[in-house]
Amino acid sequence: MPTFVQILDFIGTFAFAISGIRLASAKRFDWFGAYVVGFVTAIGGGTIRDVLLDVTPGWMTNPIYLICTGLALLWVICFSRSLIRLNNTFFIFDTIGLALFTVVGVGKSLALGYPFWVAIIMGGMTGAAGGVIRDVFINEIPLIFRKEIYAMACIAGGVVYWLCDAIHLESYACQMITGITVFLSRILAVKYHICLPTLKGGENAANAD
(Lines give C-alpha, C1' and ligand atoms only; values in the text may rest on other atoms or scores of the structure.)
Protein backbone atom coordinates (compact mmCIF):
# COMPACT_ATOMS: atom_id res chain seq x y z
CA MET A 1 0.00 0.00 0.00
CA PRO A 2 1.29 3.50 -0.78
CA THR A 3 2.23 5.65 2.16
CA PHE A 4 0.57 8.99 2.91
CA VAL A 5 3.58 10.86 1.49
CA GLN A 6 3.45 8.75 -1.70
CA ILE A 7 -0.24 9.57 -2.11
CA LEU A 8 0.58 13.27 -1.74
CA ASP A 9 3.36 12.82 -4.30
CA PHE A 10 0.97 11.25 -6.82
CA ILE A 11 -1.70 13.92 -6.30
CA GLY A 12 0.96 16.63 -6.59
CA THR A 13 2.24 15.04 -9.80
CA PHE A 14 -1.25 15.08 -11.29
CA ALA A 15 -1.89 18.67 -10.19
CA PHE A 16 1.45 19.98 -11.46
CA ALA A 17 1.09 18.06 -14.74
CA ILE A 18 -2.31 19.68 -15.32
CA SER A 19 -0.85 23.12 -14.60
CA GLY A 20 1.93 22.55 -17.14
CA ILE A 21 -0.35 21.04 -19.80
CA ARG A 22 -2.93 23.78 -19.29
CA LEU A 23 -0.28 26.44 -19.91
CA ALA A 24 1.11 24.54 -22.89
CA SER A 25 -2.38 24.40 -24.42
CA ALA A 26 -2.62 28.19 -24.12
CA LYS A 27 0.62 28.34 -26.14
CA ARG A 28 -0.91 26.03 -28.80
CA PHE A 29 1.46 23.08 -28.19
CA ASP A 30 0.58 19.73 -29.76
CA TRP A 31 -0.35 16.76 -27.55
CA PHE A 32 3.19 15.41 -27.31
CA GLY A 33 4.66 18.82 -26.54
CA ALA A 34 2.01 19.40 -23.90
CA TYR A 35 2.76 16.00 -22.36
CA VAL A 36 6.47 16.83 -22.18
CA VAL A 37 5.76 20.19 -20.52
CA GLY A 38 3.41 18.53 -18.04
CA PHE A 39 5.90 15.78 -17.27
CA VAL A 40 8.88 18.07 -16.62
CA THR A 41 6.67 20.31 -14.51
CA ALA A 42 5.66 17.31 -12.41
CA ILE A 43 9.05 15.62 -12.00
CA GLY A 44 11.56 18.45 -12.47
CA GLY A 45 11.81 19.60 -8.86
CA GLY A 46 11.78 16.06 -7.45
CA THR A 47 14.49 14.96 -9.88
CA ILE A 48 16.83 17.80 -8.88
CA ARG A 49 16.10 17.08 -5.21
CA ASP A 50 16.81 13.35 -5.55
CA VAL A 51 20.04 13.93 -7.46
CA LEU A 52 21.26 16.28 -4.71
CA LEU A 53 20.18 13.80 -2.02
CA ASP A 54 22.03 11.00 -3.88
CA VAL A 55 18.98 8.79 -4.49
CA THR A 56 17.43 7.51 -7.71
CA PRO A 57 14.65 9.82 -8.93
CA GLY A 58 11.23 8.31 -8.30
CA TRP A 59 10.07 8.43 -11.92
CA MET A 60 12.96 6.13 -12.91
CA THR A 61 11.72 3.34 -10.62
CA ASN A 62 7.95 3.80 -10.72
CA PRO A 63 5.91 4.41 -13.92
CA ILE A 64 3.10 6.07 -11.95
CA TYR A 65 4.55 9.51 -12.74
CA LEU A 66 4.33 8.85 -16.48
CA ILE A 67 0.81 7.50 -15.99
CA CYS A 68 -0.28 10.48 -13.88
CA THR A 69 0.96 12.84 -16.59
CA GLY A 70 -0.90 10.87 -19.23
CA LEU A 71 -4.10 11.04 -17.18
CA ALA A 72 -3.58 14.78 -16.74
CA LEU A 73 -3.26 15.16 -20.52
CA LEU A 74 -6.48 13.21 -21.06
CA TRP A 75 -8.21 15.36 -18.43
CA VAL A 76 -7.19 18.57 -20.21
CA ILE A 77 -8.16 17.15 -23.63
CA CYS A 78 -11.59 16.02 -22.41
CA PHE A 79 -12.36 19.17 -20.44
CA SER A 80 -10.36 21.70 -22.45
CA ARG A 81 -13.28 24.06 -23.08
CA SER A 82 -14.21 24.20 -19.42
CA LEU A 83 -10.59 24.65 -18.37
CA ILE A 84 -10.01 27.46 -20.86
CA ARG A 85 -13.04 29.33 -19.51
CA LEU A 86 -11.72 29.03 -15.97
CA ASN A 87 -8.88 31.55 -15.87
CA ASN A 88 -7.92 30.52 -12.34
CA THR A 89 -7.53 26.82 -13.19
CA PHE A 90 -3.80 27.00 -13.87
CA PHE A 91 -3.24 28.98 -10.68
CA ILE A 92 -5.23 26.56 -8.48
CA PHE A 93 -3.57 23.40 -9.80
CA ASP A 94 -0.13 25.01 -9.66
CA THR A 95 -0.73 26.03 -6.04
CA ILE A 96 -1.94 22.55 -5.07
CA GLY A 97 1.14 21.00 -6.66
CA LEU A 98 3.38 23.55 -4.96
CA ALA A 99 1.94 22.74 -1.53
CA LEU A 100 2.01 18.96 -1.90
CA PHE A 101 5.50 18.81 -3.40
CA THR A 102 6.87 21.01 -0.63
CA VAL A 103 5.56 18.51 1.90
CA VAL A 104 7.06 15.61 -0.04
CA GLY A 105 10.45 17.33 -0.38
CA VAL A 106 10.73 18.18 3.31
CA GLY A 107 9.51 14.75 4.41
CA LYS A 108 11.83 12.82 2.13
CA SER A 109 14.88 14.86 3.16
CA LEU A 110 14.17 14.29 6.83
CA ALA A 111 13.57 10.57 6.25
CA LEU A 112 17.05 10.36 4.71
CA GLY A 113 18.57 11.91 7.83
CA TYR A 114 19.34 15.40 6.56
CA PRO A 115 19.09 18.40 8.94
CA PHE A 116 16.07 20.67 8.85
CA TRP A 117 17.77 23.53 7.04
CA VAL A 118 18.54 21.14 4.18
CA ALA A 119 14.98 19.79 4.28
CA ILE A 120 13.53 23.30 4.00
CA ILE A 121 15.71 24.05 0.94
CA MET A 122 14.79 20.71 -0.63
CA GLY A 123 11.11 21.35 0.03
CA GLY A 124 11.36 24.68 -1.77
CA MET A 125 13.28 23.12 -4.62
CA THR A 126 10.80 20.26 -5.00
CA GLY A 127 7.91 22.69 -5.10
CA ALA A 128 9.34 25.44 -7.29
CA ALA A 129 11.96 23.95 -9.63
CA GLY A 130 9.47 22.12 -11.85
CA GLY A 131 7.65 25.38 -12.46
CA VAL A 132 10.92 27.06 -13.42
CA ILE A 133 11.62 24.37 -16.03
CA ARG A 134 8.03 24.63 -17.30
CA ASP A 135 8.29 28.40 -17.73
CA VAL A 136 11.61 28.09 -19.55
CA PHE A 137 10.08 25.51 -21.92
CA ILE A 138 7.16 27.81 -22.79
CA ASN A 139 9.35 30.92 -22.97
CA GLU A 140 7.98 32.72 -19.90
CA ILE A 141 9.81 34.46 -17.06
CA PRO A 142 9.78 31.92 -14.16
CA LEU A 143 7.40 32.82 -11.35
CA ILE A 144 10.12 32.70 -8.70
CA PHE A 145 11.91 35.56 -10.48
CA ARG A 146 8.84 37.78 -10.40
CA LYS A 147 7.43 39.70 -7.46
CA GLU A 148 4.82 37.04 -6.70
CA ILE A 149 5.18 34.95 -3.53
CA TYR A 150 6.07 31.51 -4.90
CA ALA A 151 9.22 29.86 -3.61
CA MET A 152 8.88 31.87 -0.39
CA ALA A 153 5.60 30.06 0.24
CA CYS A 154 7.58 26.80 0.14
CA ILE A 155 10.14 28.18 2.58
CA ALA A 156 7.35 29.28 4.92
CA GLY A 157 5.88 25.79 4.73
CA GLY A 158 9.25 24.22 5.53
CA VAL A 159 9.65 26.44 8.60
CA VAL A 160 6.14 25.49 9.76
CA TYR A 161 7.04 21.80 9.33
CA TRP A 162 10.11 22.37 11.51
CA LEU A 163 8.03 24.10 14.21
CA CYS A 164 5.41 21.35 14.16
CA ASP A 165 8.11 18.71 14.48
CA ALA A 166 9.73 20.67 17.32
CA ILE A 167 6.53 20.37 19.37
CA HIS A 168 6.37 16.65 18.52
CA LEU A 169 3.25 16.57 16.37
CA GLU A 170 2.58 13.38 14.42
CA SER A 171 4.17 13.31 10.97
CA TYR A 172 0.85 13.34 9.11
CA ALA A 173 -0.23 16.40 11.14
CA CYS A 174 3.02 18.16 10.24
CA GLN A 175 2.44 17.32 6.59
CA MET A 176 -1.17 18.54 6.56
CA ILE A 177 -0.35 21.81 8.36
CA THR A 178 2.62 22.42 6.07
CA GLY A 179 0.58 21.84 2.92
CA ILE A 180 -2.19 24.15 4.12
CA THR A 181 0.39 26.81 5.02
CA VAL A 182 1.93 26.79 1.54
CA PHE A 183 -1.46 26.77 -0.15
CA LEU A 184 -2.88 29.64 1.91
CA SER A 185 0.35 31.65 1.69
CA ARG A 186 0.20 31.57 -2.10
CA ILE A 187 -3.55 32.20 -2.31
CA LEU A 188 -3.54 35.12 0.14
CA ALA A 189 -0.40 36.67 -1.39
CA VAL A 190 -2.04 36.79 -4.81
CA LYS A 191 -5.45 37.85 -3.50
CA TYR A 192 -4.08 40.75 -1.47
CA HIS A 193 -1.16 41.58 -3.79
CA ILE A 194 1.48 40.73 -1.19
CA CYS A 195 4.93 40.56 -2.74
CA LEU A 196 8.59 40.92 -1.95
CA PRO A 197 10.29 44.30 -2.50
CA THR A 198 11.86 44.85 -5.89
CA LEU A 199 15.64 45.20 -5.88
CA LYS A 200 16.57 48.82 -6.56
CA GLY A 201 19.49 50.16 -8.59
CA GLY A 202 19.13 47.96 -11.66
CA GLU A 203 18.23 50.86 -13.97
CA ASN A 204 21.22 52.91 -12.86
CA ALA A 205 23.54 49.96 -13.43
CA ALA A 206 22.05 49.40 -16.89
CA ASN A 207 22.50 53.07 -17.79
CA ALA A 208 26.11 52.99 -16.56
CA ASP A 209 26.81 50.12 -18.94
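Definitions and cut-offs
- Residues numbered from 1 in each chain as written.
- Predicted model: local features only at pLDDT ≥ 70, side-chain atom pairs only at ≥ 80, totals over all residues.
- Heavy atoms only, no water.
- UniProt positions renumbered as here; feature names shortened; annotations may be inferred.
- Core = buried A, V, L, I, M, F, W, Y, C linked by side-chain atoms within 4.5 Å.
- Buried < 20%, exposed > 50% of the residue type's maximum accessible area, 1.4 Å probe, protein only.
- Helix = DSSP H or I, 4+ residues; strand = E, 2+ residues; numbered from the N terminus.
- Contact = heavy atoms within 4.5 Å.
- Expected span 1.5 Å × (residues − 1).
- Bend = angle between axes of the 7 residues up to and from the residue.

If you look the protein chain up in an unreviewed UniProt entry, it shows as Glycine transporter domain-containing protein from Bacteroides pyogenes JCM 6292. Check the Subcellular location (unreviewed entry) section of the UniProt entry for the protein chain; it says "Cell membrane". What UniProt states about the protein chain under its Sequence similarities (unreviewed entry) heading is, verbatim, "Belongs to the UPF0126 family."

**Q** Help me understand the nonpolar core in this model?
**A** For soluble globular proteins, the rule of thumb is that nonpolar side chains tend to be buried together. Formed by 30 residues in total, the largest nonpolar core has its most connected members in Phe16, Ile21, Leu98 and Tyr150. Mapped onto this core, the elements with two or more residues apiece are α1 (4-26), α2 (31-52), α3 (64-78), α5 (89-111), α7 (151-166) and α8 (171-191). Ignoring sequence-local partners within four residues, the contact set of Tyr150 consists of Phe16, Asp94, Leu98, Gly127, Ala128, Gly131, Arg134, Leu143, Ile144 and Arg186. Core analysis: the next-biggest nonpolar cluster, separate from the first, contains six residues, Phe116, Tyr161, Cys164 and Cys174 among them.

**Q** I'm lost on α2 in this one. Help?
**A** For an α-helix the count is 3.6 residues per turn, leaving residues at separations of three or four pointing the same way. The terminal C-alpha atoms of α2, which comprises 22 residues, lie 31 Å apart, in line with the 32 Å expected from a rise of 1.5 Å per residue. At Ile43, α2 is deflected by roughly 40°, the largest bend along its length. With its phi angle positive at about 65°, Asp54 sits one or two positions after the end of α2.

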